[in-house]
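# Survey of secondary and tertiary structure
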Amino acid sequence: EDYAAEGKSLARVDGKVIFVEGAVPGDVVDIQLQKNKTDWAEGFAKHFHSYSEMRVKPFCSHFGVCGGCQWQMLPYEQQLKYKHKQVVDNLTRIAKVDLPEIQPILGAPATEGYRNKVEYTFATEKFIPFEEFKAMKAAGTDLVPSPGAGGFHARGFFEKVVEIDTCYLQEEPTNLMRKAVVNFAIDNEMPFYNIKQHQGWLRNMFVRNTTGGQWMVNLILGYEDQEKREALLNLLLKQFPQITTLLYTINTKRNDSMQDLVPQVFFGKGYITEMLEDFEF
């Protein structure tokens, strides 16, 4: 009957509050519980009896599997409405702060290609969505181990990565860059990183861009292999002349934190410049 927060909706069953994954206000669903406390529970939509009139078809084929976007099944105007309601509820109902009328959220002009930073993860553990897995089993298709995948973490899994075809968060050539790195590693038999075993070469890639058209790529590797590293970085420069600064970082740690690591400049100034009104950053 309502939006709850963090992409979940809220239902009530015999007075108990249920936080539901994968549903929107107006859906009529069967819920499979994952947590069941005295006065609240959490679960996910198991079966849909009818769909909310406010639903729209998500534009991303990875929606619901990737750990990124959570609200593509809602029109943007509805997203703003529920986010506004969450802010008002937190400040007035929960915090008991006496405030004047809160103005509505000013929506963004673009809902695709608006991010100036994306972090891709490369891993040996490729996530297979449940419906795809069921179809493979029904067809008798053998599960052939993948050399690795490049994309985003599957929601709820720290070690599994959803192999992304097209992500709409950042404008192109961000997807083409990621695919070029994946193809290079496979063609040259360079191992993708395994977070459980803490082994592998290809770990992460940060891609940043600016409104002025500058692009910065930082490739994070698990260990140094100068020959293969230089070959991959030169490949990126050749295929993507848009890159104005190309960095690489060797991360031999057991975690992905970057604060104590120093990126090495392979090409360009080592930074990009963004303008916000009259200010240069």
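Scroll up to find the structure.
What you see is a predicted model; the values in this text were computed from it and never measured.

## Observations concerning the nonpolar core
- Counting residues in hydrophobic clusters, the biggest one holds 34 residues, and the most contacted among them are Met177, Val181, Leu202, Met205 and Leu219.
- Every element with two or more residues in this core is listed here: β6 (117-123), α3 (174-187), β9 (202-209), β10 (215-221), α4 (226-239) and β11 (243-250).
- Take this core: its biggest share by element is six residues, from α3.
- Once residues lying within four places of it in the same chain are set aside, the contact partners of Leu202 are Phe122, Val181, Ala185, Pro191, Phe192, Tyr193, Leu219, Ile220 and Leu221.

## Here we look at the packing of α3 against α4
- Packing of α3 against α4 brings their axes to within 11 Å, and their N-to-C directions diverge by 145°. The two elements α3 and α4 meet at a crossing, and its hand is right-handed. Touching Met177, Ala180, Val181 and Phe184 of α3 are Lys228, Ala231, Leu232, Leu235, Leu236 and Gln239, all from α4.

## Side note on the pairing of strand β1 (residues 2-5)
- The pairing of β1 with strand β2 (residues 8-13) spans three bridges and is classified as antiparallel. Within β2, the residue paired with Tyr3 across the bridge is Ser9.
- Counting the residues in the hairpin turn of β1 and β2 gives two residues, including Glu6, whose phi is positive at 55°.

## Some remarks on a nonpolar patch on the surface
- On the surface, Val87, Leu91, Val97 and Leu99 cluster together to form a nonpolar patch covering roughly 280 Å² of accessible area.
- Topologically, Val87 is positioned in helix α1 (residues 76-94).

## A look at the layout of surface pockets
- When its volume is computed, the largest pocket comes out at roughly 1,300 Å³.
- Around the largest pocket sit 31 residues that line it, and Phe44, Ala45, Gly64, Val65 and Phe130 are the ones nearest its centre.
- Of all the elements in the fold, those that place two or more residues in the lining of the largest pocket are β4 (28-36), β5 (40-50) and α2 (130-138).
- No other element matches α2, which puts five residues into the lining of the largest pocket.
- Here the residues of the lining of the largest pocket are counted per class, giving 15 nonpolar, nine polar and seven charged.
- Within this model, the second largest pocket holds a volume of roughly 750 Å³.
- Lining the second largest pocket are 36 residues, and of these Cys69, Gln70, Gln79, Tyr114 and Leu169 sit closest to its centre.
- Elements supplying a minimum of two residues to the lining of the second largest pocket: α1 and β6.

## Section: α1
- Taking 1.5 Å per residue as the helical rise, α1 with its 19 residues ought to reach 27 Å, and the 26 Å between its terminal C-alpha atoms agrees with that figure.
- Its maximal kink placed at Val88, α1 deviates by approximately 25°.
- Buried within α1 are the following residues: Gln79, Leu80 and Tyr82.
- Looking at the buried positions of α1, the neighbouring elements they touch are β1.
- One or two residues past the end of α1 sits Lys96, with phi positive at roughly 60°.

## Considerations on unusual backbone geometry
- The peptide bond linking Glu172 to Pro173 adopts the cis configuration, its omega dihedral lying at 20°.
- Within the fold, Pro173 resides in the loop between β8 (161-163) and α3.
- Positive phi, normally seen in glycine, also occurs at Glu189, with a value near 55°.
- The backbone of His198 shows a phi angle near 55°, a positive value even though the residue is not glycine.

## A look at the pattern of salt bridges
- A full pass over the atoms with the stated rule returns eleven salt bridges.
- Its salt-bridge partner being Arg229, residue Glu224 comes within 2.9 Å of it at the nearest N-O pair.
- For Glu224, a relative accessible area of 40% gives the class partly exposed.
- Residue class for Arg229 comes out buried when judged on its relative accessible area of 5%.
- Within the structure, one salt-bridge network assembled from shared partners comprises Asp2, Lys85 and Asp89.

Conventions adopted
- Sequence positions are assigned chain by chain, starting from 1 and proceeding in written order.
- Since the coordinates come from a predicted model, pLDDT governs what is reported: local features require at least 70, and pairs of side-chain atoms require 80 or more to be given and counted, while whole-chain, interface and lining totals use all residues.
- Note that water and hydrogens are dropped before the side-chain values are worked out from all heavy atoms of the structure.
- We call a set of buried Ala, Val, Leu, Ile, Met, Phe, Trp, Tyr and Cys residues a nonpolar core when their side-chain atoms join them within 4.5 Å.
- Accessibility here uses a 1.4 Å probe with only protein chains present; expressed as a share of the type maximum, an area under 20% marks a residue as buried, one over 50% as exposed, and anything in between as partly exposed.
- Every helix listed is a DSSP run of H or I at least four residues long, and every strand listed is a run of E at least two residues long, numbered separately from the N terminus.
- Residue contacts are counted whenever heavy atoms from the two residues lie within 4.5 Å of one another.
- Think of each axis as a best-fit line through the C-alpha atoms, taken over the contacting stretch in the case of a helix, with angles from 0 to 180 degrees between the N-to-C directions.
- Put simply, a crossing is left-handed when the front helix is turned counterclockwise from the back one by less than a right angle, and right-handed when it is turned clockwise.
- In this analysis, strands are considered paired if DSSP registers two or more bridges between them.
- Note that patches include only residues with greater than 30% relative accessible area and no salt bridge, and the join distances are 9 Å for like charges and 5 Å for nonpolar side chains (Val, Leu, Ile, Met, Phe, Trp, Tyr).
- Methods summary: accessible areas were calculated by the Shrake-Rupley approach with a probe of 1.4 Å, and residue burial reflects only the protein chains presented.
- Salt bridge, as used here: a side-chain nitrogen of Lys or Arg that lies within 4 Å of a carboxyl oxygen of Asp or Glu.
- We place a 1 Å grid over just the protein atoms. Points where a 1.4 Å probe fits but has no way out form a cavity, open points with protein on both sides within 12 Å along at least 5 of 7 lines form a pocket, and any residue with an atom within 4 Å of a point lines it.
- Grid points are joined across faces, edges and corners, and a volume is the space filled by probe spheres set on the points.
- Residues were grouped as follows: Ala, Val, Leu, Ile, Met, Phe, Trp, Tyr, Cys and Pro as nonpolar; Asp, Glu, Lys and Arg as charged; and all remaining residues, including Gly, as polar.
- What a helix should span is 1.5 Å times the count of its residues minus one.
- The angle between axes fitted to the seven residues ending at a residue and the seven residues starting there is what we call the bend at that residue.

All we've got here are geometric facts, nothing functional implied.
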